[in-house]
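# Structure assessment
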Amino acid sequence: MWPGLQVFSAAGNLLASANANGNTGVRFEAPATETLTVVAYNTSDVAAGYEYGLSVAAASGAFKVVEGDQGGVLKNSVTVAGTISVGDSDIFVFSAASGEQVRVQYEDLSAGAGSNYNPETFLYNSSMRRIAQENADSSFQIDFDAPATDVYYLVIANSSDSTSSGNYNLTVSGISDSINSDPDSLIDAFELMIGTSRTSEDTDKDGLWDDVETNSGTYISPTDTGTDPLLQDTDNDGFIDGIEVREETDPNDSDSVPLIQVPMPLWALLLLGGVMAIVGYRQRYAYS
Ligand SMILES: [Ca+2]
Ligand SMILES: [Ca+2]
Ligand SMILES: [Ca+2]
Ligand SMILES: [Ca+2]
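Keep in mind that what you see is a predicted model, and the values were worked out from it rather than measured.

## A look at the overall build of the protein chain
Secondary structure assignment for the protein chain yields three helices and 12 strands. Residues counted as buried form 25% of the 288 residues belonging to the protein chain. Residue pairs at least 24 apart in sequence account for 59% of intrachain contacts in the protein chain once pairs closer than 6 positions are excluded.

## As for the sheet that holds strand S2 (residues 14-19)
Spatially, the three strands line up as an open sheet ordered S2-S1-S3, and their pairing is antiparallel. Because the sheet does not close on itself, it has two edges, and the strands there are S2 and strand S3 (37-42). In this sheet, neighbouring strand axes are inclined to one another by 15° on average, regardless of whether the strands run parallel or antiparallel. With six bridges connecting them, strand S1 (residues 3-8) and S3 associate as antiparallel partners. Note that in S3 the partner of Pro3 across the bridge is Asn42.

## Focus: the nonpolar core
Counting 31 residues, the largest nonpolar core has Val93, Phe94, Tyr152, Tyr153, Leu154, Val155 and Ala189 as the members making the most contacts within it. Residue assignment for this core shows that the elements contributing at least two residues are strand S6 (89-96), strand S7 (101-108), strand S8 (119-124), strand S11 (150-158), strand S12 (166-173) and helix H1 (188-194). Among the elements that line this core, the one with the most residues is S11, at seven residues.

Calculation notes
Starting from 1, residues in each chain are numbered consecutively following that chain's sequence as written. The order in which chains are written sets their letters, starting at A; the order in which ligands are written sets their numbers, starting at 1. Only residues with pLDDT of 70 or above have their local features reported here, since the model is predicted, and side-chain atom pairs are shown and tallied only from 80 upward, although totals for entire chains, interfaces and linings are computed over all residues. Under the scheme used here, helices are H or I runs from DSSP no shorter than 4 residues and strands are E runs no shorter than 2 residues, and both carry numbers assigned from the N terminus. Neighbour counting defines burial: a residue surrounded by 20 or more other C-beta atoms within 10 Å of its own C-beta is buried, one with 12 or fewer is exposed, and intermediate counts give partly exposed, using backbone-placed C-beta atoms. Once C-beta atoms are placed from the backbone, any two residues with those atoms within 7 Å are in contact. Strands qualify as paired when DSSP identifies two bridges or more between them. Think of each axis as a best-fit line through the C-alpha atoms, taken over the contacting stretch in the case of a helix, with angles from 0 to 180 degrees between the N-to-C directions. Structurally, a nonpolar core is described as a collection of buried Ala, Val, Leu, Ile, Met, Phe, Trp, Tyr and Cys residues joined by way of C-beta atoms within 7 Å.

All quantities given are derived from atomic positions and should not be read as evidence of function.
Spelled out as structure tokens, the structure:
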């Protein structure tokens, strides 16, 4: 089996390509926000057909850690155990203050003779500028002075020539892990992961703070609304989340909407009554 991979931009420019006798992968920086095309092909000198698995991982902005996989917010000096299968990437985030001496320790638990596990580790700042990279197939550490108070990404990926999965322990130390730059109670690293603003307590401007919009889809209370912190009207019923919570309707259920009561003065009620009476009289007259 000798597969090839190509990635093209929306304009048809080749962004990355690779082919190998076995597993293969490409890594590139997206030049723009656009739809990319991936081509998987069999190289011309291979006569047989094969099945394959294809996975894509992006480290930028918000991300989700799927159940059973590793990744997410790192705490100072707390060791996380992880597994990288073929084609897998684990994405972690942590915050550090400007000038802090940060140490990233990666312990390879699968090193040794016969192991074909070759992880690659990348360290980025929140603007996705690369700060460090390691291509070791054994334990290593990265030391760096945080150039700014920021959230940093750590991506551990199986390199394209890995043919087996591996286990690791990861520890980051020397960091201020609970930096919170806005009045909501969510720390910066967590906000970067879920995509909310680190500098605004109400990212979507719907009257509910980021920390009460828990995005669970279930309303519990005004401090756990279950709504999407990135959507003003989570259930798309025309009433923004903040108004629904204030009016005590369910912001996650489009069948539950506020009763909008327009205050009406007495003279308007009397006038309306008079008009209705005349209409009723005319209708009776018309049918008699
Ligand atoms: Ca915050
Ligand atoms: Ca926020
Ligand atoms: Ca909000
Ligand atoms: Ca709504």
